[in-house]
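# Summary of structural features
In case you want the letters, here they are:
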Amino acid sequence: MSAIASLFRNDYGADGFRACSVTGLDVHRSVENYVKLFGLTAVIALAVGGSFAFSVAMTRWEFVGLLDASSYYTHLSMHAWNLLIFWMVFMEIAVLYVGGPMVLGRELPLRRLAALGWVTMVVGAIGVNASIWLAEAPNEAPLLTAYVPLPVTPWFYGTAIVFLLGATIAALPFFATIWSETRDSDRTLPLVAFGAFVTGIIAVEAILGGIAAFAYALAWRIDLIASVDPGIYRQLYWIIGHGSQQINLLAMITVWYFLTHVVGGAVVVSEKISRTAFILYLFFINLGAAHHLLVDPGMSAGWRIWNTSYAFYGAAFASMIHAFAIPAGIEAGRRRRGQGGGLFGWLTSAPWRNPVFAATIFSIILFGFLGGITGVVMGQIQVNMTWHNTLATVGHFHATVALGTTLAFFGLVLFVIKTMFRRDFVSDALASAIPYAYGAAMSVATLMLMYAGILYGVPRRTAEAVRNIPGSEFSFAAAVPIFMIFGVFALLAILSGVLFVGVSVGSLLFGDRLPDGDDGGMLPEGGLHADGGEPVHAVELRGTFALCLIFLGVFAAVYVLNWYLLTQLWAIGA
Amino acid sequence: MSNPLEDPDDDWWNSPVNRRESIWLGLAGAWSLGIFTWMAGFTQFGDQNPIGTTYDVDPEEYQARVGEYKETTEETDDGLIPPGDDVYVGAMRFNWDGLPVVLEAGREYDIHLGAYDVQHGFSVRPEENLNKQINLQVFPGSEWVIPMTFDEPGTYHVVCNEFCGQGHRTMHGRFTVVEG
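Reference entry: report on the structure contained in this document. None of the values given here were measured: they were computed from a predicted structure.

## Structural notes on the overall build of chain B
When you go through chain B residue by residue, the secondary structure sums to 2 helices and 12 strands. From first element to last, N terminus to C terminus, chain B shows the α and β order α-β-α-β-β-β-β-β-β-β-β-β-β-β. Relative to the 2.2 N^0.38 estimate, which gives 16 Å for 180 residues, the radius of gyration of chain B is 24 Å and therefore markedly larger than a compact globule would have. For chain B, the C-alpha atoms occupy an extent of roughly 80 × 35 × 30 Å along the three principal directions. Burial analysis of chain B (180 residues in total) assigns 55% to the buried set. Pairs at least 24 residues apart make up 64% of the contacts formed inside chain B by residues separated by at least 6 positions. On chain B, roughly 7,400 Å² of surface is accessible, and the fraction owed to carbon and sulfur atoms is 45%. In chain B, the 10 positive side-chain charges and the 31 negative ones have mean positions that sit 7 Å from each other.

Encoded structure:
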């Protein structure tokens, strides 16, 4: 216990504040302690969900074929809820507290609510885990979606609602901070706080949808209402089902702006453009959830075109804005200090051995190329027919969430270990290896999932469907080589995750305490606020521009390939 | 000097934008509009659109309708031969009612999709070319009518790709498409 208590100890002044030696922010004890609490809880959820990654991947890789079908769906549900929801949402509350009171240099208000929110979330998370693990026939494992009228225990819907209520309560201190900062003033929030604020609003939208969906299903399971409409449930469900992943996206982008600045020396190249992109998200990104409903009965063509195309491209456009603005911030910041010339010198001379920097950059690149492009392509009405419920979809969300958000959050956790827990890494070499090992292994595993889905049509949500389909002469055996590669790299990715948890927990328990004022090697060369150089708008951003042109070229190629495959099909629909 | 942890300068809205960022905004905007136009246009000129007509129907009533339809079909070793252009498929745990069915290449059929119990996934692909595939969602309570024309003769397999219970992976059906 004393080891845990010592994690929450730092040298604060009489007023409870201390100056952070890396960010220069005035950090209050209350904010820091709650960021640590939510962050540590998130890492526990990551470890739980990650251990189920092993059994899920080793079952789907039929060469090993670890579990039978009934255990597989239980393990898959545990994997999904702990990683997609609990690891992410606990981290996101921490991101809100950093982006709100910490960046603004305030105490955390409403601390009792923060504590109540944490307790409620933990109770909900344990309840969801228990209801999945203890589910008995005729109830099925709920997967992430729990589509009605599949029989799922009412305890699942009930405890999921408890968790969502807890997350809402935990977000209130953040909103109170923003409210008190901006009320009666014409203050413009710093970009990171602004991004966190938009993240918070998207989160509330998603949570309301989730409470509505699960309350509707719960009412049916406890016989308050006689029947449920699967289409209405799906519409409500996907407000949270995909909305929760939009929270991840916004939190991740906010973390990108934060970390590229503090460890890479990035500047904001245009406040106007970056903020406009966040506003576009606010209005449009939740419409992206409609891509789950594109091949449902009962949706008009107009509904589909509006939701997934016309308006959703407001959000896709916003993502392309950030795709330029964030690397441009690094390029401008480093060029202004004279760090690296030529087309890419600013990038090659960057602090690649700093795992926080490397994790952030890999998150940006892998999210964009693997997650963003596939998201927009599969979000087109017609192409969606070929992706829906195949392993390609699973590849898409591993690219966005496992590569994009998880890598960014890995960077953030490592950053917090140095700056808030004030611990040195137990091994710098192992810490530096984390983003490389995890990024590379998970990228290959993700690509194999996409190939298995698109090129071989292998369905998702099956324990086995490649080598061993009972009662059918039909077979997906052609995809076996893909799965041999997938299995090996999934194992490597899981080992990299173990490395992350090991280094993090090891550093917290056994890392040397950093002396006051020590930056732990986190600061960019020349410090955080290097002066000099030309104004940002006059810096030659040609490296970023070249990278973005490559991105657009890959985007166009993937788009054309998918449409080519689609037009090879027989004629379908009106 | 703008940094994301501090309030921006007072005139942040009027600060000049880097020339290359402006060009990128134009490219990204044009690309977004372009793919929107293509997708919306394809619903008019394209041959692959997951659009049909949906009717509300009680699951038991739909099951009865599939039963009546099956009475009118001709039974062969390769499957049922429908009397007209309507083909009824009923999804149930863990079977595709109404399949296998024998269809003619080049002829347009109205495929009726519905479920008797829970949600299912209607996933179709030819046996010899796995990447030619479509996936549609099937609900209890809805009858979705989608026209389809199979150009090539061959065997097309139907698997369920929505989790409908633990026997879900065994849920298979078949279209046998013959020369018309």
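There's more to say after this.
## Section: the overall build of chain A
Tallying secondary structure elements over chain A gives 18 helices and 3 strands in all. Whereas a compact globule of 574 residues would reach a radius of gyration of roughly 25 Å, chain A reaches 23 Å, a difference of no more than 12%. The principal-axis extent of the C-alpha atoms belonging to chain A is close to 70 × 50 × 50 Å. Looking at chain A residue by residue over its 574 residues, the buried ones come to 65%. Here chain A displays about 18,800 Å² of accessible surface, and carbon together with sulfur accounts for 68% of that area. With 28 positive and 31 negative side-chain charges, chain A shows a separation of 2 Å between the mean positions of the two kinds.

## Side note on a nonpolar patch on the surface
Taken together, A:F54, A:F63, A:V64 and A:L66 make up a surface patch of nonpolar side chains, about 370 Å² in accessible area. Taking the relative accessible area as the measure of exposure, A:F63 reaches 51% and is therefore exposed.

## Points about the nonpolar core
Among the nonpolar cores identified, the biggest contains 264 residues, and A:W87, A:Y97, B:F122 and B:F175 are the most heavily contacted of them. Among the elements that line this core, the one with the most residues is helix α3 (residues 69-104) of chain A, at 25 residues. Not counting residues within four places of it along the chain, the set of residues in contact with A:W87 comprises A:A42, A:V43, A:A45, A:L46, A:N82, A:T406, A:F409 and A:F410.

## Quick notes on the packing of helix α16 (residues 428-454) of chain A against helix α17 (residues 480-510) of chain A
Residues and elements named next belong to chain A. At a closest axis distance of 8 Å, the pairing of α16 and α17 adopts a crossing angle of 150°. Here α16 is positioned roughly antiparallel relative to α17, judged by the angle of their axes. The handedness of the crossing between α16 and α17 comes out as left-handed. For the contact of α16 with α17, the residue count by class is 25 nonpolar, 2 polar and no charged.

Each value, and the rule that gives it
Residues numbered from 1 in each chain as written. Chains lettered and ligands numbered in written order. Predicted model: local features only at pLDDT ≥ 70, side-chain atom pairs only at ≥ 80, totals over all residues. Heavy atoms only, no water. Helix = DSSP H or I, 4+ residues; strand = E, 2+ residues; numbered from the N terminus. Rg over C-alpha atoms; globule rule 2.2 N^0.38 Å. Buried < 20%, exposed > 50% of the residue type's maximum accessible area, 1.4 Å probe, protein only. Contact = heavy atoms within 4.5 Å. Areas by Shrake-Rupley, 256 points an atom, 1.4 Å probe, with all protein chains shown as cover. Lys, Arg positive; Asp, Glu negative; His and termini not counted. Charge placed at Lys NZ, Arg CZ, Asp CG, Glu CD. Patch = residues over 30% accessible without salt bridge, like charges linked within 9 Å, V, L, I, M, F, W, Y side chains within 5 Å. Salt bridge = Lys/Arg side-chain N within 4 Å of Asp/Glu carboxyl O. Core = buried A, V, L, I, M, F, W, Y, C linked by side-chain atoms within 4.5 Å. Axes fitted to C-alpha atoms, helices over the stretch in contact; angles between N-to-C directions. Parallel < 35°, antiparallel > 145°, perpendicular 65-115°, else oblique. Left-handed = near helix turned anticlockwise from the far one by under 90°. Nonpolar A, V, L, I, M, F, W, Y, C, P; charged D, E, K, R; others polar.

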